[in-house]
Structure formats: C-alpha cells, structure tokens
Amino acid sequence: MLYQREIGEKAEKYLEDDKTLVFVGARQVGKTTILKQLQSLLQARGAVCHFINLENPELLAALNGGPKNIFKLINIDLSRRTHIFIDEVQYLDDPSNFLKVIYDEYFGKIKIIASGSSSFYIDKKFKDSLAGRKWLFNVYTLSFREFLRFKDETALAVADLTRLNFDDRDKISRYYHEYMIFGGYPRVVLARSEDKVNVLNELAFSYIKKDIAEGNIRQEELYYKLFRLLASQAGNLVNTNELGQTLAVSKTAISNYLYVMQKSFHICLIRPFFSNARKEMTKMPKVYFYDSGLRNFFTNNFEAMAGRTDKGQVLENAAFGQLVRSRDEFNIQYWRTPKGGEIDFVIDVGKIAYEVKYNFKDAWPEKYKSFRALYPAMPLKFVTIDYNPQESKRTDLCNIWEI
C-alpha cells in the first residue's frame with residue numbers, strides 16, 4: 001500500500017504552475033514514492049507524464065550529454081504540456097544547468113518534478129540558484145501523524161490530538177513511545193518489531209556509506225565516531241574544537257563532517273536567540289537528529305523510555321523533530337545565558353518558547369524568571385509526555401504530540 005505523505009499533499013497545488021518542483025532529503029525517506037504518487041495523480045487527470053530514474057547509467061549518460069537529449073529518451077509532443085519526473089537528479093554533472101535550460105526553453109510545455117538524495121549534492125552542483133524557477137521541498141522521515149497513517153490508524157492521524165479521550169490518549173502514548181525509540185523511516189515503521197534494529201543498521205551503514213563516498217569523506221571510521229559522539233550529545237552545544245581534540249582531527253575536518261551530515265539531512269545545528277548579544281549570546285549551535293531512531297542507533301540504545309538514563313535527551317530530540325516538520329529549521333532557535341539560564345526552543349523569532357521536561361512535575365515556572373523578565377510577551381510552554389490534563393489545571397503544560 002502506498003501511504004500519502006504530507007509533503008506530497010502540499011506539493012499538489014504547485015503541479016499546475018510552471019515552476020520546477022525539487023524534493024530533497026535523506027536517502028530512503030520516500031522521495032521516489034512521492035514522485036510516483038504525484039505522477040499517478042496527474043495521469044488520473046489525463047496529463048502526459050514520463051518517469052526517468054537517473055540511477056540507470058544509460059539514461060544518466062544521455063542527459064549528461066546535454067539537456068536536449070531528453071528528446072532522444074522521450075517522445076515529447078510540444079503542442080501539449082508534458083510532466084517529466086526525474087528521480088535522483090543530483091547524479092547529473094550539472095543539474096542546475098539541465099533544469100534551467102528545460103525551464104527557459106520549454107516554458108509552459110515541459111514541467112520537471114525532480115528528487116535529489118540530499119541538498120548536499122544539490123548545493124555543490126547547483127551552480128545557478130534557479131531563483132524564480134523552482135519550488136524546493138524538504139522531505140524528512142515520517143511525522144507522527146504520518147507514522148499513524150502507516151500504522152493504519154487513519155482516524156487518529158487526523159484527530160485533534162489536544163482533545164483525546166482516555167483510550168485514545170493511551171493509544172497515542174504507546175505509539176509515540178515507539179516513534180521516539182525507532183523513529184520515522186518508512187521501512188522501519190513498517191518492519192516487524194524484531195526487524196526494526198536490523199533495518200536501521202542497513203540504513204546507517206549501507207546508505208550513509210553512499211553519503212560518505214559522494215561527500216568525499218576519506219576517514220569513514222572517524223565520520224561514524226563523530227556520529228556516535230553527536231548522538232550522545234543530542235540537545236547540547238557543539239564545540240568543534242573539543243570534538244577535534246576528542247577525535248584527534250582538525251577543526252576544519254570536523255566542520256566538513258558536520259556540513260555533510262547536515263546537508264545529508266541527518267543532523268541539524270540550531271542557533272541561539274537573543275535580544276542583547278553581549279549578555280545572552282553564545283555562538284555555539286546545539287545539535288539534533290532529524291530522526292530519533294537513527295540517533296538511538298548511534299547510541300546503541302533501544303530500551304523503553306522508562307528504563308533509559310537519557311530519556312530527557314530522547315524527548316527533547318523528539319520535540320525538535322515535531323517542530324522542524326511544521327516550520328523552517330531557521331525559525332527554531334534556543335536561548336542560553338552565560339549564567340546558565342536556558343530555554344530549549346524559541347520559535348519564529350520569539351513567537352513562542354518551549355521547555356522540554358520528561359517529568360512535568362519538574363516544570364516549575366519560577367525557575368525561568370530571568371527569561372520571563374526579558375521576554376514578558378513571549379508565551380512559555382512546557383512539553384512533556386503522558387501528562388493527563390485532569391491531574392493539573394495548568395495551561396502551560398502540553399504533551400509532545402500537541403506541539
């Protein structure tokens with residue numbers, strides 16, 4: 001069964017305009033499936049569609065010979081609009097030139113819908129920004145609502161998760177605990193319980209190895225060691241000097257590894273929020289994993305939450321995952337002062353702030369007086385899990401699936 005992805009639904013309204021659509025994301029997150037679903041949708045409307053997979057070396061060689069070679073691969077009638085789906089566009093020697101030529105010379109006649117394994121490759125090879133010619137869509141592993149769809153919980157997937165009865169809240173809680181431990185890679189979600197770790201192992205070593213090779217990473221074992229270090233430090237500040245000293249490599253090498261990990265959609269480095277740079281700002285970013293299952297794989301810990309010593313980190317990383325799937329990552333920041341004041345997430349340049357606490361009883365508003373004094377108009381919500389609203393009348397508490 002092909003389950004509908006939210007990003008595919010979002011992209012549907014852009015199918016009728018003339019801009020190129022480009023879907024980028026980590027390997028194995030479902031980009032090819034999204035393309036095929038959009039192709040089926042267009043064909044059901046009577047549109048002319050063609051699909052090209054550039055993992056085929058013959059097709060790749062033909063298009064590398066020049067954009068107009070596409071007419072040698074496909075019988076295109078320019079008297080009517082043709083939609084061409086291109087999977088793995090980053091394999092082209094110059095993908096930006098290819099897309100630019102097709103857009104400029106066949107405007108309104110040929111529309112390209114393409115996927116790329118990561119923005120890392122597109123960053124390096126897109127010599128032209130394609131400004132005004134493309135819509136770019138980031139594809140992550142499954143959101144929690146998509147996770148519910150993949151579990152065939154259609155009613156829960158569309159339910160108001162802030163208004164659940166006791167039975168549904170209990171079911172949501174059980175699903176969310178699984179989601180935090182094993183993450184949202186589609187193959188992992190659909191795998192049997194006993195196979196989930198093996199699937200994550202394949203993703204971590206078979207597919208990340210491709211990122212390593214194509215990112216020109218020469219010291220593979222050091223790259224994986226850095227992954228393990230970052231996984232153990234999820235939610236903490238990233239000090240490239242300290243990481244370099246720990247791994248006995250240069251700061252430049254660490255920065256390059258971090259760049260590849262970010263552009264391959266595995267980690268995200270979020271920046272500080274401040275109004276007074278001298279008093280509040282710390283330059284170091286905080287690190288989070290886009291997928292909690294991959295993070296847990298690199299810590300080699302798939303225990304249930306109750307028995308974990310890192311339960312707070314797991315919950316905080318999951319909260320980041322919730323937030324990044326609903327807004328641009330550049331609108332997610334953190335707040336920290338030299339004196340130790342800290343708020344986990346500040347959203348949309350001060351629209352709202354979130355502090356994550358595994359045990360909601362640890363969420364005492366008076367501990368955050370300095371933040372409230374600086375930003376009295378910014379709401380501060382405490383994010384937890386398995387909180388029963390009947391236990392407390394506090395309006396500043398919410399379960400993680402509500403954000």
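For clarity, every value in this text was computed on a predicted model and none was experimentally measured.

Undergrad: Got a minute to help me understand helix α13 (residues 240–247) in this structure?
TA: Counting along an α-helix, one turn takes 3.6 residues, and residues three or four places apart therefore face a common direction. For α13, the complete set of buried residues consists of Thr-240, Leu-243, Gly-244 and Leu-247. Here the buried residues of α13 occupy an arc of 100° about the axis, which is enough to place them on one side. In this structure, α13 carries Gln-245 and Thr-246 as exposed residues pointing more than 90 degrees from its buried face. Here the buried face of α13 lies against α12 (220–232) and α14 (251–263). At the N-terminal end of α13, a side-chain oxygen is found 3.0 Å from the backbone nitrogen of Asn-241, two or three residues along, and the residue is Asn-239. Downstream of α13 by a residue or two, Ala-248 has a phi angle that is positive, lying close to 60°.

Undergrad: What should I look at first to understand the pattern of salt bridges in this one?
TA: A pair can form between side chains of opposite charge whenever their charged atoms are brought close. If you walk through the whole model with that rule in mind, you get 29 salt bridges. Measuring nitrogen to oxygen at the nearest pair gives 3.4 Å for the salt bridge that ties Asp-104 to Lys-100. In this pair, Asp-104 and Lys-100 both sit in helix α5 (residues 95–105), four residues apart, roughly one turn of the helix. Residue Lys-100 is classed as partly exposed on the basis of its relative accessible area of 27%. With a shortest N-O distance of 2.8 Å, Arg-187 and Glu-202 are connected by a salt bridge. Taken together, the residues Arg-187 in helix α10 (residues 186–190) and Glu-202 in helix α11 (residues 196–214) connect sequence positions 15 residues apart. Arg-187 sits in the partly exposed class, given a relative accessible area of 32%. Put simply, Lys-286, Glu-316, Arg-336, Glu-342 and Asp-344 are held in one network by salt bridges that share partners.

What counts and how
- Residues numbered from 1 in each chain as written.
- Predicted model: local features only at pLDDT ≥ 70, side-chain atom pairs only at ≥ 80, totals over all residues.
- Heavy atoms only, no water.
- Buried < 20%, exposed > 50% of the residue type's maximum accessible area, 1.4 Å probe, protein only.
- Helix = DSSP H or I, 4+ residues; strand = E, 2+ residues; numbered from the N terminus.
- Arc of directions from axis to C-beta.
- Contact = heavy atoms within 4.5 Å.
- Polar contact = N/O pair within 3.5 Å; in protein donor to acceptor, adjacent residues only side chain to side chain.
- Salt bridge = Lys/Arg side-chain N within 4 Å of Asp/Glu carboxyl O.

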